[in-house]
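The lines below spell out each chain.
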Amino acid sequence: MSDNPKSILVTGTNSGIGQATAEYLASHGFHVYAGARNIAALKDLCKNQNITPVRLDVTNIEDIIEVKKIVEQNAAGLFGLVNNAGITKAGPLMDVSVEDLRAQFEVNLFGVHQITQALFPLLLQTKGRIVMMSSDSGFFATPFVGPYCSSKFALEGYSDSLRREIISYGVKVILIEPGRITTPIWSKGEKILKNAKYTDSIFWKEAKAMGEYAIQKGKTSGLPPIAVAKTVYHALIAAKPKLRYIVAKNSFEYKLMKIFPAWYVDRLVLKKVQEVTRLVAQKAEE
Ligand SMILES: NC(=O)c1ccc[n+]([C@@H]2O[C@H](COP(=O)([O-])OP(=O)(O)OC[C@H]3O[C@@H](n4cnc5c(N)ncnc54)[C@H](OP(=O)(O)O)[C@@H]3O)[C@@H](O)[C@H]2O)c1
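Here goes a summary of the coordinates provided. Note that this is a predicted model, so its numbers are computed, not measured.

Thresholds applied
- Residues numbered from 1 in each chain as written.
- Predicted model: local features only at pLDDT ≥ 70, side-chain atom pairs only at ≥ 80, totals over all residues.
- Heavy atoms only, no water.
- Helix = DSSP H or I, 4+ residues; strand = E, 2+ residues; numbered from the N terminus.
- Rg over C-alpha atoms; globule rule 2.2 N^0.38 Å.
- Buried < 20%, exposed > 50% of the residue type's maximum accessible area, 1.4 Å probe, protein only.
- Contact = heavy atoms within 4.5 Å.
- Areas by Shrake-Rupley, 256 points an atom, 1.4 Å probe, with all protein chains shown as cover.
- Lys, Arg positive; Asp, Glu negative; His and termini not counted.
- Charge placed at Lys NZ, Arg CZ, Asp CG, Glu CD.
- Salt bridge = Lys/Arg side-chain N within 4 Å of Asp/Glu carboxyl O.
- Pairing = 2+ DSSP bridges.
- Axes fitted to C-alpha atoms, helices over the stretch in contact; angles between N-to-C directions.
- Near = heavy atom within 4 Å.
- Polar contact = N/O pair within 3.5 Å; in protein donor to acceptor, adjacent residues only side chain to side chain.

Here we look at the overall build of the protein
- Regarding its fold elements, the protein presents 10 helices and seven strands.
- Here the C-alpha radius of gyration of the protein, 19 Å, is about what a compact globule of 286 residues would show, namely 19 Å.
- Summarising its shape, the C-alpha atoms of the protein cover approximately 65 × 40 × 35 Å along the three principal directions.
- Across the 286 residues that make up the protein, the buried fraction comes to 47%.
- Sequence-distant contacts, at least 24 apart, represent 71% of the contacts inside the protein between residues at least 6 apart.
- By element, 55% of the accessible surface of the protein is carried by carbon and sulfur atoms, the whole surface being about 14900 Å².
- If you average the places of the 36 positive and of the 26 negative side-chain charges in the protein, the two averages end up 6 Å apart.

Description of the side chain of serine 159
- Residue position: serine 159 is located in helix α5 (residues 146-166).
- The exposure class of serine 159 is buried, given its relative accessible area of 0%.
- Ignoring anything within four residues of it in the chain, the contact list for serine 159 reads Met132, Val173 and Leu175.

With respect to the pattern of salt bridges
- Applying the stated criterion across every chain, the model contains 11 salt bridges.
- The salt bridge involving lysine 197 is made with aspartate 100; its shortest N-O contact spans 2.7 Å. With lysine 197 in the loop between α6 (185-194) and α7 (204-221) and aspartate 100 in helix α4 (residues 98-126), this pair connects stretches of sequence that are 97 residues apart.
- Its relative accessible area of 18% is what places aspartate 100 among the buried residues.
- The salt bridge involving lysine 219 is made with glutamate 190; its shortest N-O contact spans 2.6 Å. Pair noted here: lysine 219 is in helix α7 and glutamate 190 is in helix α6, with a separation of 29 residues, a long-range link.
- You can call glutamate 190 partly exposed: its relative accessible area is 34%.
- What you see here is one network of salt bridges that share partners, running through Glu156, Asp160, Arg163, Glu177, Arg244 and Lys258.

Some words on the sheet that holds strand β3 (residues 51-55)
- As summarised here, the arrangement of the seven strands in space is β3-β2-β1-β4-β5-β6-β7, forming an open sheet in which the pairing is parallel. A strand with exactly one partner marks an edge of an open sheet, and here the two such strands are β3 and β7 (244-247). Adjacent strand axes in the sheet meet at a mean angle of 20 degrees when their direction is disregarded.
- Where strand β1 (residues 7-10) meets strand β2 (residues 31-36), four bridges bridge the pair, whose relative direction is parallel. Paired with isoleucine 8 across the strands is valine 32, a residue of β2.
- The sheet strands contacting helix α3 (residues 61-72) are β1, β2 and β3, and the helix crosses β3 at an angle near 155 degrees.

Structural notes on the site of the ligand
- The ligand sits among 29 residues. The nearest are Ser15, Arg37, Tyr148, Thr183 and Lys188.
- Taking glycine 12, its main chain carries an N or O atom lying 3.3 Å from an oxygen atom of the ligand.
- One nitrogen or oxygen atom from the side chain of lysine 152 is found 3.0 Å from an oxygen atom belonging to the ligand.
- Protein chains shield 94% of the accessible area of the ligand, which is 880 Å² for the free molecule.
- If you list the elements that add at least two residues to the shell around the ligand, you get α1 (16-26), α5 and α6.
- No other element matches the three residues that α6 contributes to the shell around the ligand.

By themselves these figures say nothing about function.
Structural data, given as C-alpha cells:
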C-alpha cells in the first residue's frame, strides 16, 4: 500500500453493503473513513488499520461538521464519498403517513444532500468521486414500497442533476443500482411488516403478501454484499467509470424493464402481485 493512500468516506458501515465496501476498499489500497451512527458497532472494522471509524448520522449536521474536521486533518484530502446509508419505509401509499414519508426522505435524500454539500469542497480539490447507493427501486417502482422507491427515484434525479452541474469541475457522480442483496435490510423489513400500522387497509392482503415474498427472496437468494463492494471499488478506480452500474443476478431483465412501455410493465407487475397474493394465501391454508 502507498504511504499516502487515497481516502474514501463510506456512510452506514456497521452492516451489509456499507460494511463490505469499507472492508473491500481498505484491503485494496484505500484509507477508509467508516461512518456509523453507533461506532461501537464497528468493532470488527476498527481492527483494520486502514479504517478510521467516525460517528456519523447523515441526518445530523453536527456529526457531519465533526467528520469534515477529521477528514481535513488528512494531507491526502478526500478522494471519494460513498453515500451508502439508507433506510426502508414500506406500505400502501394511501396508508403511509406523511411523517413516515418524510423520515424516508430524511435519510435517503436529505441526508445524502447534507453530507455531499458539506464535503464537496474537499472532493473538488482532489477531483474526486461521489458514489450514490441507489437501487433497482431507483428506476423500477414496485407497489407497496412506495416511500423507498420514491426516495431512490429522487436520488437518481438528484445525482443526474449534480453530475451535469459539476462535470466540468472534474468531480464524477456515479450511481450504483443493486438488485436484491442479502443483508440485514431484509430482517429489518420483516420487523416493519410484523408491526405494520396498516393492517386494516384495503390493500393489506396484497401488501403483506408482496412484503413476505420480497423478504423471503432477499434473505435467501440475493447476491452477497461483496458484489456491490467490488462495483464501488471499480467505480472509484476506473479511468472512465460508467454513470450507472446495475448489480443484480437478472440485470438483463432490468435493462428490459427500462425500455418496455410503462403500460406493459404495469400489466406484468399486476400479474405478479396477483400471483404472489394467491401463492401466499395457498401457503397459509396448507
Ligand atoms: N440489500 C439490498 O437488497 C439493497 C438493494 C438495493 C439498494 N440497497 C441500498 O444499499 C444501502 C445499504 O443497505 P444494506 O442492504 O446494506 O442495508 P443495512 O444492512 O440495513 O445497512 C444500512 C446502513 O445504513 C445505516 N443508516 C441508516 N440510517 C442512517 C443514518 N441516519 N445515518 C447514518 N447511517 C444510517 C444503517 O445504520 P444503523 O444500523 O445505525 O441503522 C446501516 O449501517 C441502502 O442505501 C439501501 O437502500 C440495498
